[in-house]
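Below, each chain spelled out in residue letters.
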Amino acid sequence: MSITLSVNGSSHQVDVPDDMPLLWVLRDVIGLTGTKFGCGIGQCGACTVHLDGQAVRACLTPVSTVGSGKITTIEGLSDDNSHPVQRAWIQEDVPQCGYCQSGQIMSAAALLAGTATPSDADIDRAMKGNICRCGTYQRIRKAIHTAADLAGKEA
Amino acid sequence: MAWTEEGADSVWANLVSGDLAHLADGPGVRASDGLSRRDFVRVAGAAGAGLVLAVSIPGCSPADRTGGGPGGGAKGAFAPNAWIRIGTDGEVTFVVDRSEMGQGVTTALPMMLAEELEVPLDDVHFEFAPAAKEYFNRIFGSQGTGGSTSVRAAWKPLRKAGAAARMMLVSAAARKWNVDASTCTAANGKVSDGAGHSATYGELAEAAANETPPEDPPLKDPKDFTILGKRHPRLDTPFKTNGSAVFGIDVRPDGVLIGGVERSPVYGGKVKSLDESKAMQVPGVHKVVNLGDRVGVVAEHYWAAAKGREALQVEWDEGPWADQSSEKIAATLRRLGQKPGAVARNDGDTDAALRKAGSRVHEATFDLPYLAHACMEPMNATAHVRADGCDVWAPTQFQTATQQTAGKLAGVDPSKVRVHTTYLGGGFGRRAMQDFIADAVLLSKAAGAPVKAVWSREDATRHDGYRPANHHVLRAALDGSGHPVAWSHRVVAPSITRVFSGQPLKNGLDSEAVEGAVGMPYAIPNVQVDYHDAEVGVPVWFWRSVNNSFNGMVVECMIDELAHLAGKDPYRYRHDLLADKPVHRRVLDLAADKAGWGRRLPAGRAHGIAVFESFNSHVAQVAEVSIEKGKPRVHRVMAAVDCGPVVNPSIIEAQVQSAIVYGLTAALYGDITIENGRCQQGNFNDYLMLRIDEMPEVEVHVVMDSDAEQGGMGEPGLPPIAPAVCNALRALTGKPIRKLPIHV
């Protein structure tokens, strides 16, 4: 089927099966590879993107259900690594292999959009769907607090 | 089930798919590779390119260890394996001959270079080296990344190369200004003299290329370091926060198709019959390829390939291991554990000492499971096979084997294979295997187009090379004062060395499989360690910290049990038995001190301690543990590390946290089980990972200014965590933990 998707503020017309997960449309058809494949069953969070501002797992989102929803991927979070979460990630030197970090950052950005100063319990709830095999969790937690501070100073 | 050559062949042939035997058959640097002292660095620059230096990094080669200095020997061809380019614009490019899989090598190595070259670290740009003879990792005798070797191999030669480049720039400046070189100083990417001359490295680069590299440039006194030993952000971070870092799975050459591969559910099985008609009807599927022991589907995108795989009708000849099970494997290992094995260490007369102790011998058996690597990035590679050669883009830890595998399968000379190393989404040893490379090459050859072969998570879990399951029989005797007088450790574990080398073990001993058991550090007069290999039809491979991951657990839990029997404090007991092991003792004391060993903890919590040396580094950990809802909960881990000279404390801290998460995940959850010859786990819903809400607070204390030999840092943080946690649980419950994953 032919579908028009709004991704990072641009419109993309794609001709794909309607049950095809958004993840593979983004990666293999549109060519936005920042969103990662980890498990395909919504267990690891590597494919997290924003759909109308909400964090969703792109691997479990059939492209036909997206409709006119606005999709934001890691590439669209900012043009220049300037989103408070990205700045905090750089400041705290979070990534190791880096593979899961797009999903971690998108989950963290969605958390902060709804909860300006999250508690550790809020962070656990929002982030426990994102697996990191390198074990960067401690720095992720710190970076989310840092991002909250950075965003607070801008507000 | 007994070990058979045929069985092994059928299991391993499709895993390795490359002629690797010769790569494992000896130390990396042979005598003929020896270089003269002046040959460790050479000018390699073409006119107009600025200054390009080719560097040879002998590193931890036997020649270097025996004090031969860079190159060590007298003669042989110059074999550079790193490049430093200083452009006329002053940009410094360092070609890194290692894979970046999270361990921070693309930061640690440039730090060494920048320190001696006298440039700000931010001005150094790195590139991954293509596979070529020039880039051989000298420890392995082939280009690859593993064994926590990267920093150790580069520590001296790379700093020397930086110093040589700096001296050549200074010398060029002195010549230009007609002053004595001793009046010139280099700092911040510039050379200046006391008389008002100043020039940037970029301005001097061309001229410096005409200077002769100094034979043995002196290195900075560590007290003058401004970069090394300091926390510095990783250079690759900005690419990993905006989605721009290119991992293997992100490679998209023009016209690339996506391949999915269906493998026999039983290891070593083969395709008996294939009906591809339904798969070919799936929209987007281009081709179905019968590869004999697996079936590939080539399609427009991953989703079509996945749907095509579902529509395949394959009947498998499941081979000799179709009735294998975890229960049978455990029985095989236990049976082997009842008879003497190949002796790996023999101090005193352990049998006699144990006989003398009679009924007072303390015996314990330990059983640890198969473990999958579970790299976040599923296995994948992209290949473009052409008549005149082959390109491979891959997240590989073993470029030489990738080149050979691709050459062999593509039917081209390995020199015509260009290997482009991408970022690796986790490695942990798994990406030294070549099975995923073979998929891409064979499918590209069949499709006549570039193909990216992408594994599903289930493929990656069910077709791993696993950390071997293992069984241990420990027997120890204490004297009247509670000191151990005899220690016998029998290790039963399928040999990774045998698989990697493709050769039978010499005298039945795999000296790697007993690493950490042979190194049991406590002062005990009678010690025996012996070993049994076992071929049970399940693929095994290097997994983070390899055999140390189980031997560390066993040794450190057993010594805790002995302390308990002796009525001694487990920290003091270890401390007293480590009088001859100052580095062990240093980290043990540091961890205990920082954790406040012996202090009162909140109700329901206990401390457990462990100390272990691996890859030349020493790590001690104290875990603070409770039991919540029938499950262990690790609240805090205090880690103390001595890795010799420190490059970047921030990366060391991250690596120790990482190793703790990796090891704790295994201790709490890791369990690959086999039934009807099939791996029973597939994805993160049944092969569980530690998540952020279970992350202990980890504090890492690094011994600075250590006099110890330089050690690796990618793996040594792992072995102590499982025993530290298990020992805390024993303190809480009174019951020793001798089986992983932990059940309390």
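Residues numbered from 1 in each chain as written. Chains lettered and ligands numbered in written order. Predicted model: local features only at pLDDT ≥ 70, side-chain atom pairs only at ≥ 80, totals over all residues.

1. Looking at the overall build of chain B
Each helix and strand in chain B was counted, giving 18 helices and 28 strands. The long-range fraction of contacts in chain B, counting pairs at least 24 apart against all pairs at least 6 apart in sequence, stands at 78%. (Helix = DSSP H or I, 4+ residues; strand = E, 2+ residues; numbered from the N terminus. Contact = placed C-beta atoms within 7 Å.)

2. Things to note about unusual backbone geometry
Residue and element names in this part refer to chain B. The linkage connecting Leu740 with the following residue, Pro741, adopts the cis geometry, with an omega of 0°. Mapping Pro741 onto the fold places it in the segment after helix H18 (721–733). Even without being glycine, Ala374 reaches a positive phi, approximately 50°. Here Ala374 lies in the loop between strand E15 (362–368) and strand E16 (380–386). Looking at Ala374, the number of C-beta atoms within 10 Å reads 28, which means it is buried. For Val546, which is not a glycine, the phi torsion comes out positive at approximately 55°. Residue position: Val546 is located in the loop between strand E22 (526–532) and helix H14 (548–566). (Buried ≥ 20, exposed ≤ 12 C-beta atoms within 10 Å, placed from the backbone.)

3. Remarks on the domain arrangement of chain A
Residue and element names in this part refer to chain A. Here chain A is described as being made up of domain 1 (2–77) and domain 2 (84–154). Distance from the C-alpha centre of domain 1 to the C-alpha centre of domain 2: 21 Å. On the side of domain 2, 14 residues touch domain 1, which itself brings 16 residues to the contact. Elements with a contribution of two residues or more to the side of domain 1 that touches domain 2: strand E3 (48–51), strand E4 (54–57) and helix H2 (74–77). Residue classes in the side of domain 1 that touches domain 2 are distributed as seven nonpolar, eight polar and one charged. (Domains from an automatic or database assignment. Nonpolar A, V, L, I, M, F, W, Y, C, P; charged D, E, K, R; others polar.)

4. Details of the interface of chain A and chain B
Each partner contributes residues to the interface: chain A has 46 residues there, and chain B has 47 residues. Going through the elements one at a time, helix H1 (22–30), H2, helix H3 (84–91), helix H4 (101–114), helix H5 (120–127) and helix H6 (137–154) of chain A are the ones with two or more residues in the side of chain A that touches chain B. It is H6 of chain A that contributes the most residues to the side of chain A that touches chain B, four residues altogether. For the side of chain A that touches chain B, the per-class residue count stands at 24 nonpolar, 15 polar and seven charged.

5. Some details on the sheet that holds strand E28 (residues 697–702) of chain B
Residues and elements named next belong to chain B. The strand order across the open sheet formed by four strands is E23-E24-E25-E28, and the pairing between neighbours is mixed. Two strands in the sheet have a free side with no partner beyond their single neighbour: strand E23 (605–614) and E28. Within the sheet, the average angular offset between the axes of one strand and its neighbour, ignoring direction, is 20°. Here 11 bridges tie strand E24 (residues 617–628) to strand E25 (residues 631–642), and the two strands are oriented antiparallel to one another. Counterpart to Glu628 in the pairing with E25 is Lys631. (Pairing = 2+ DSSP bridges. Axes fitted to C-alpha atoms, helices over the stretch in contact; angles between N-to-C directions.)

6. What about the sheet that holds strand E19 (residues 451–454) of chain B?
Strands belonging to one sheet form pairs held by backbone hydrogen bonds; the direction of such a pair is parallel or antiparallel. Residues and elements named next belong to chain B. With mixed pairing, seven strands are arranged side by side in an open sheet as E11-E12-E9-E19-E16-E17-E18. Where the open sheet ends on each side, the last strands, each with one partner, are strand E11 (285–290) and strand E18 (417–421). Between one strand axis and the next, the sheet turns through 20° on average, direction left out of account.

7. Some words on H4 of chain A
Residues and elements named next belong to chain A. Between its terminal C-alpha atoms H4 stretches 20 Å, which fits the 20 Å expected from 14 residues at 1.5 Å a residue. What H4 keeps buried is the set Gln101, Ser102, Gly103, Gln104, Ile105, Met106, Ser107, Ala108, Ala109, Ala110, Leu111 and Leu112. At its buried positions, H4 is contacted by E3, E4, H2, H3, H5 and H6. (Expected span 1.5 Å × (residues − 1).)

8. Remarks on the packing of H3 of chain A against H4 of chain A
Any two packed helices are characterised by the angle at which their axes cross and by the distance between the axes. All names here are of chain A. One way to put it is that H3 packs onto H4 with a least axis distance of 9 Å and a crossing angle of 125°. Relative to H4, the element H3 is oriented oblique. In this structure, the crossing between H3 and H4 has a hand that is right-handed. Contacts between H3 and H4 involve Val85, Gln86 and Trp89 from the former and Ile105, Ala108, Ala109 and Leu112 from the latter. Here the residues of the contact of H3 with H4 sort into six nonpolar, one polar and no charged. (Parallel < 35°, antiparallel > 145°, perpendicular 65-115°, else oblique. Left-handed = near helix turned anticlockwise from the far one by under 90°.)

9. A closer look at the environment of Pro570 of chain B
Residue and element names in this part refer to chain B. Within the secondary structure layout, Pro570 lies in helix H15 (residues 570–577). Under the C-beta neighbour-count criterion, Pro570 is labelled buried, with 25 such atoms within 10 Å. The spacing of Pro570 and Gly194 is 376 residues in sequence and 62 Å in space, taken between C-alpha atoms. Not counting the four nearest positions on each side in its chain, Pro570 is found in contact with Asp560, Ala563, Ile609 and Asn727.

10. Considering the domain arrangement of chain B
Residues and elements named next belong to chain B. Domains assigned within chain B are domain 1 (34–240), domain 2 (248–319 + 379–454) and domain 3 (326–371 + 466–733). Contact with domain 1, which involves 13 residues of that partner, is made by 17 residues of domain 2. Each residue belonging to the side of domain 1 that touches domain 2 can be placed in one class, and the counts come to five nonpolar, seven polar and one charged.

11. Things to note about H18 of chain B
Residues and elements named next belong to chain B. The end-to-end C-alpha distance of H18, which contains 13 residues, comes to 18 Å, matching closely the 18 Å that a straight helix rising 1.5 Å per residue would cover. Burial analysis of H18 places 10 of its 13 residues in the buried class, which makes it a mostly covered element. Looking at the buried positions of H18, the neighbouring elements they touch are H14, H15, E23, E24, E25 and helix H17 (649–668). Phi for Gly734, located one or two positions after H18, is positive at around 80°.

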